[in-house]
Amino acid sequence: MSTIILGGGIAGLSLAYFLRRSSLILEKQSQVGGLCRSFELNSIAYDIGPHIIFSKNREILDLHTSLVETNRIRRSNKIYHKGRFVKYPFENGLGALDEHDRDYCLKEFLNNPYGDYPAANMLQFFLKTFGEGITRLYLQPYNEKIWKYDPSFMDTQMVERIPKPPKEDVIKSAQGVETEGYTHQLYFHYPREGGFQSLVNAYARKLGPKCDILKGVSIRRLFKQGGRWQVETDRGHFVCETLLNCMPLHELFKVLEAPDEVRRAVGRLQYNSIHIVVVQAKKDNLGDNFALYLADPTVLFHRLSKLNFLGESYCLPGGGSTLLAEITFRPNSYLGSMSADAIKDRVLDDLQRINFVRRDDVLAVELKTFRYAYVIYDLEHRKNTDFVLDYLKRIGIRCAGRFAEFEYLNSDGVVERTRQLARELNGESDA
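Structural notes, computed from the coordinates.

Some remarks on the pattern of salt bridges
Enumeration over the complete set of coordinates arrives at 27 salt bridges. Between Arg-358 and Asp-361 there is a salt bridge, with the nearest N and O atoms lying 3.4 Å from each other. Overlapping salt bridges, with partners in common, bring together Arg-20, Glu-59, Arg-419, Arg-423 and Glu-428 in one network.

What follows is the structure, given as structure tokens:
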């Protein structure tokens, strides 16, 4: 075997697609896709997310929209703040706030004492860029909720790409004049049917005879012998010259021997897990919105998505709606120890309390939990990640994917990385 790819998520599949050589993908689950898998409740497909097809890289966007039929959709996301629907991003919807909160946000933005200071962590970046009002009312509590981490202990890698909003736009938004933030994300694509899994499956079909995919295989040990990689699994022993890792680093080092200092660095890499609760109901009060962001700490979920927004095939045949609630948690934390029934009951209670869905209107509820969801950019993330990846590169293992590179990459970002790695392995020049 020339090349073995560990992991059949979108990273492994797209990497095999771009490579000009034969390869074998080893996937632990019975279905390919990783974090980009889709599931069904009453014939309605839903993702771990949900995901969207979007990229500032036109080549990647064109590739994905050519692989699968899509609906082109205009973003309609809102922030639910104190019973009000606020335009996303928050600074573009100040006119929807009550008078006190609106003036607090605007005045602290225009008269910001933090503006000239360098930002050494996430919280300082928010204060420097948006002022105290927007930070304290929304950005700080929302990020504390999603990351389950104090933003003063997180670095700026996640947020330094956020543009500073134009002063004129913030003033207009406070006056009730609609402005658009993040205009590059205003439109996105989504598969017409089958959820994001449709894109994953399209990649798998495109591989053809140059790549075999072995699913339901557990790796027991990785080691190098005679200049070749030995891959011991519960489905046999494989040998290859090139080993490419697309599985989470924490899982890789369970089967790969490494020096103690490398293992300690892996152990210091922080991440969140996620509960996905899908609720189907006769009706809801979310309006014609795709996603709602909730910073309120008394509500269990941080984001609620309405899948009807994605197209006809995501609407229940008899009417009603399918909602997807996301709840992040640190592994081994209190949220991770709650029972499935307790989590579902809490979500339904919260939906009724904030007047989104009445319990009497609920048709079905389903919960799924995933260990690896969000990479946390704590203050030592860059140091620990670089140390681990440099070690793997020295011993001849290249990595691609969110948890293989330990970077918070969206699916399009993952594919950009796999294309870049494949070009290098193919011996293609950047020109």
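Overview of the sheet that holds strand S9 (residues 211–215)
Read across the open sheet, the 5 strands follow the order S9-S2-S1-S13-S19; overall the sheet is parallel. Among the strands making up the open sheet, the edge pair consists of S9 and strand S19 (397–399). Ignoring which end each strand starts from, the neighbouring axes of this sheet average 20° apart. The sheet contact formed by strand S2 (residues 23–27) and S9 spans 5 bridges and is parallel. Bridge assignment links Ile-25 to a residue of S9, and that residue is Ile-213.

Re unusual backbone geometry
Looking along the chain, the bond that leaves Gly-49 and enters Pro-50 is cis, with omega of 0°. Looking at the secondary structure, you find Pro-50 in the loop between strand S4 (44–47) and helix H2 (58–67). In this structure, Pro-89 follows Tyr-88 across a cis peptide bond, with omega equal to -5°. Position of Pro-89 relative to the elements: it lies in the loop between strand S7 (84–87) and helix H3 (99–110). The residue Asn-355 is not glycine, and still its phi comes out positive at about 65°. When you line up the elements, Asn-355 lands in the loop between helix H10 (340–353) and strand S18 (362–375).

Description of helix H8 (residues 260–267)
Buried within H8 are the following residues: Val-262, Ala-265 and Val-266. Taken end-on, H8 shows its buried residues confined to a sector of 100°, consistent with a single buried face. Those residues of H8 that are exposed and angled more than 90 degrees off the buried face are Asp-260 and Gly-267. Each element contacted by the buried residues of H8 is listed here: helix H7 (249–252) and helix H11 (381–395).

Considerations on the state of the cysteines
Scanning the entire structure with this criterion turns up 0 disulfides. Of the cysteine sulfurs around Cys-240, a residue in no disulfide, the closest is that of Cys-246, at 13 Å. What makes Cys-240 buried here is its relative accessible area of 1%.

Description of the packing of helix H1 (residues 10–18) against helix H6 (residues 197–207)
The description of two helices packed together rests on the angle between their axes and the distance between the axes. Close contact between H1 and H6 brings their axes to 9 Å; oriented N to C, the two are set at 35°. The handedness of the crossing between H1 and H6 is left-handed. Across from Ile-10, Leu-13, Ser-14, Ala-16 and Tyr-17 in H1, the residues of H6 making contact are Leu-199, Val-200, Tyr-203, Ala-204, Lys-206 and Leu-207.

Quick look at the environment of Lys-283
With respect to the helices, strands and loops of the structure, Lys-283 is situated in the loop between strand S14 (271–281) and strand S15 (291–293). A relative accessible area of 54% means that Lys-283 is categorised as exposed. The spacing of Lys-283 and Phe-356 is 73 residues in sequence and 9.0 Å in space, taken between C-alpha atoms.

A look at the environment of Ile-5
Position of Ile-5 among the secondary structure elements: in strand S1 (residues 3–6). Separated by 22 residues in the primary sequence, Ile-5 and Glu-27 place their C-alpha atoms 8.8 Å from one another. Apart from residues lying up to four places away in sequence, Ile-5 is in contact with Gly-12, Leu-15, Ala-16, Leu-19, Ser-23, Leu-24, Ile-25, Leu-26, Leu-244 and Cys-246.

Concerning the sheet that holds S7
Strand order in the open sheet made by the 7 strands is S7-S6-S15-S16-S17-S14-S18, with mixed pairing throughout. Strand pairing shows two members of the sheet lacking a second neighbour, S7 and S18, which therefore form its edges. In this sheet, adjacent strand axes meet at a mean angle of 25° when their direction is disregarded. Sheet topology note: the strand S6 (residues 77–81)/S15 ladder contains 3 bridges and is parallel. When the sheet's bridge partners are listed, Lys-78 is paired in S15 with Leu-292.

Things to note about the layout of surface pockets
Within this model, the second largest pocket holds a volume of roughly 380 Å³. The wall of the second largest pocket is formed by 15 residues, among which Leu-389, Lys-393, Arg-398, Cys-399 and Glu-405 lie closest to the centre. Those elements giving two or more residues to the lining of the second largest pocket turn out to be H11, S19 and helix H13 (411–426). Among the elements that line the lining of the second largest pocket, the one with the most residues is H11, at 5 residues. Its residues placed into classes, the lining of the second largest pocket shows 5 nonpolar, 1 polar and 9 charged.

Regarding the packing of aromatic side chains
Across all of its chains, the model carries 22 aromatic pairs by this definition. Consider the rings of Phe-39 and Phe-370, whose centres lie 5.8 Å apart with planes at 40°: the pair is tilted. Taken together, the residues Phe-39 in strand S3 (residues 38–41) and Phe-370 in strand S18 connect sequence positions 331 residues apart. Between Trp-147 and Tyr-408 the ring centres are 5.9 Å apart and the planes differ by 80°, which places this aromatic pair in the edge-to-face class. With a gap of 261 residues between them, Trp-147 in helix H4 (residues 122–147) and Tyr-408 in the loop between helix H12 (402–405) and H13 connect regions that are remote in the sequence. Of the two residues, Trp-147 and Tyr-408, neither departs from the other in class, the shared state being buried. Grouping aromatic residues by their ring pairs yields a cluster made of Tyr-88, Phe-90, Tyr-138, Tyr-142 and Tyr-293.

A few points about the side chain of Asn-77
Here Asn-77 shows up in strand S6. The exposure class of Asn-77 is buried, given its relative accessible area of 10%. Excluding its chain neighbours within four sequence positions, the residues that come into contact with Asn-77 are Lys-87, Tyr-88, Phe-290, Ala-291 and Tyr-293.

What counts and how
Residues numbered from 1 in each chain as written. Predicted model: local features only at pLDDT ≥ 70, side-chain atom pairs only at ≥ 80, totals over all residues. Heavy atoms only, no water. Salt bridge = Lys/Arg side-chain N within 4 Å of Asp/Glu carboxyl O. Pairing = 2+ DSSP bridges. Helix = DSSP H or I, 4+ residues; strand = E, 2+ residues; numbered from the N terminus. Axes fitted to C-alpha atoms, helices over the stretch in contact; angles between N-to-C directions. Buried < 20%, exposed > 50% of the residue type's maximum accessible area, 1.4 Å probe, protein only. Arc of directions from axis to C-beta. Contact = heavy atoms within 4.5 Å. Disulfide = S-S within 2.5 Å. Left-handed = near helix turned anticlockwise from the far one by under 90°. 1 Å grid on protein atoms, 1.4 Å probe; cavity = no way out; pocket = protein on both sides within 12 Å on 5 of 7 lines; lining within 4 Å. Points joined across faces, edges and corners; volume = space filled by probe spheres on them. Nonpolar A, V, L, I, M, F, W, Y, C, P; charged D, E, K, R; others polar. Phe/Tyr/Trp six-rings, centres within 6.5 Å; stacked < 30°, edge-to-face > 60°.

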